[in-house]
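Take a look at the letters that make up each chain.
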Amino acid sequence: MVKVLFVCLGNICRSPMAESIFKQLVQERQLSSQISTDSAGIQGWHVGKSPDRRTLEVLSEHNIETSHVGQKLSVADLTTYNHIAVMDEANFEAVYNFYYENLNATPPARKLFLIRDFDPEVEGVQEVQDPYYEDKKVFRKVFDTLRRSCNALIDYIVEEHNLTPEEPAEDEYSD
Ligand code: 4NP
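(A) Layout of the packing of aromatic side chains. Counted by the stated rule, this structure contains five aromatic pairs. Measuring from ring centre to ring centre gives 5.2 Å for F6 and F22, while their planes differ by 65°; the resulting arrangement is edge-to-face. Residue F6 is found in strand β1 (residues 2–8), and its partner F22 is found in helix α1 (residues 14–28); the two are separated by 16 residues along the sequence. Each ring, one from F118 and one from Y156, has its centre 5.2 Å from the other, and the planes form 50°; the classification is tilted. One end of the pair, F118, is in the loop between β4 (112–114) and α5 (136–160); the other, Y156, is in helix α5, and 38 residues separate them in sequence. Among the residues examined, F118 registers a relative accessible area of 19% and is labelled buried. Given the relative accessible area of 23%, Y156 is considered partly exposed.

Structure below.
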């Protein structure tokens, strides 16, 4: 199983949105038995809480539901996950330092990266904007950015880990 963790600051806006989009794309591509995903925050402010209402609303505009509950990035996460995708440079620095302090090594680039490294439409700053103090329009923009990036990340994972989509379940009524 290839394990992917999305990380942002609070784990209520961007990373639960990324996790939910990614999960849906993985399902659509018949890869659910080979790729799993979760999300976590650098800070523990919203541990145990549901995602931000605006994240839930924008996901629901795309018929995506989530039952994610806020959690803080743990030391165990650093070794459990094959890939840790962060939203912005501050997240990157925080996870990089956390990794270094706890594992006495620097995280390989294929393990820790900015999710927008995979965005085919990136212009300039490779960050997913923090939408917390913004309006719903920004949450919608974050959704589009994350969907583009997650699709490309799946392409990369399929190639890197040599995955092939599952055969569709046999139709019991066919010959
Ligand atoms: P997130 O956004 O990192 O995308 O979940 C934020 C959520 C909460 C806060 C900041 C950013 N906060 O200050 O509580």
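(B) Region of the structure containing the site of the ligand. Taken together, C8, L9, G10, N11, I12, C13, R14, W45, H46, D130, Y132 and Y133 make up the full set of residues adjacent to the ligand. At a separation of 2.8 Å, an oxygen atom of the ligand approaches a polar side-chain atom of R14. Separating an oxygen atom of the ligand from a side-chain N or O atom of H46 is a distance of 2.9 Å. Protein contacts shield 91% of the accessible area of the ligand, which totals 360 Å² for the unbound molecule. Classifying every residue of the shell around the ligand gives seven nonpolar, three polar and two charged.

(C) The packing of α1 against α5, seen in detail. Look at α1 against α5: their axes get within 9 Å of each other, and the N-to-C directions meet at 50°. Overall, the two elements α1 and α5 adopt an arrangement that is oblique. Between α1 and α5 lies a crossing of right-handed hand. Facing R14, M17, A18, I21, F22, L25 and V26 of α1, the residues of α5 in contact are F139, V142, F143, L146, R147, C150, N151, L153, I154 and I157. Residues that form the contact of α1 with α5 fall into these classes: 14 nonpolar, one polar and two charged.

(D) Examining the packing of helix α2 (residues 53–61) against α5 more closely. As a packed pair, α2 and α5 sit with axes 10 Å apart at the nearest point and diverge in direction by 55°. Comparing their axes, α5 and α2 come out oblique. Viewed along their axes, α2 and α5 form a crossing whose handedness is right-handed. Contacts from R54, T55, E57, V58, L59 and E61 of α2 reach α5 at K136, F139, R140 and F143. In the contact of α2 with α5, the residues fall into four nonpolar, one polar and five charged.

(E) Expanded view of the pairing of strand β2 (residues 35–41). Among the seven residues in β2, five count as buried, and that is most of the element. In the sheet, β1 pairs with β2 via seven bridges, with the strands oriented parallel. Across the sheet, the residue bridging to K3 is S36, located in β2.

(F) Geometry of the sheet that holds β4. Spatially, four strands are ordered β2-β1-β3-β4 in an open sheet, and the strand pairing comes out parallel. If you trace the sheet from one side to the other, it starts and ends with β2 and β4, each paired once. The mean angle between the axes of side-by-side strands here comes to 25°, regardless of whether they run parallel or antiparallel. Bridge count between strand β3 (residues 83–86) and β4: three bridges; the pairing is parallel. Each bridged residue has a counterpart across the sheet, and for V86 the counterpart in β4 is L114. Across the sheet, helix α4 (residues 89–103) is in contact with β1, β3 and β4; its angle to β4 comes to roughly 170°.

So, how was this worked out
- Residues numbered from 1 in each chain as written.
- Predicted model: local features only at pLDDT ≥ 70, side-chain atom pairs only at ≥ 80, totals over all residues.
- Heavy atoms only, no water.
- Phe/Tyr/Trp six-rings, centres within 6.5 Å; stacked < 30°, edge-to-face > 60°.
- Helix = DSSP H or I, 4+ residues; strand = E, 2+ residues; numbered from the N terminus.
- Buried < 20%, exposed > 50% of the residue type's maximum accessible area, 1.4 Å probe, protein only.
- Near = heavy atom within 4 Å.
- Polar contact = N/O pair within 3.5 Å; in protein donor to acceptor, adjacent residues only side chain to side chain.
- Areas by Shrake-Rupley, 256 points an atom, 1.4 Å probe, with all protein chains shown as cover.
- Nonpolar A, V, L, I, M, F, W, Y, C, P; charged D, E, K, R; others polar.
- Axes fitted to C-alpha atoms, helices over the stretch in contact; angles between N-to-C directions.
- Parallel < 35°, antiparallel > 145°, perpendicular 65-115°, else oblique.
- Left-handed = near helix turned anticlockwise from the far one by under 90°.
- Contact = heavy atoms within 4.5 Å.
- Pairing = 2+ DSSP bridges.

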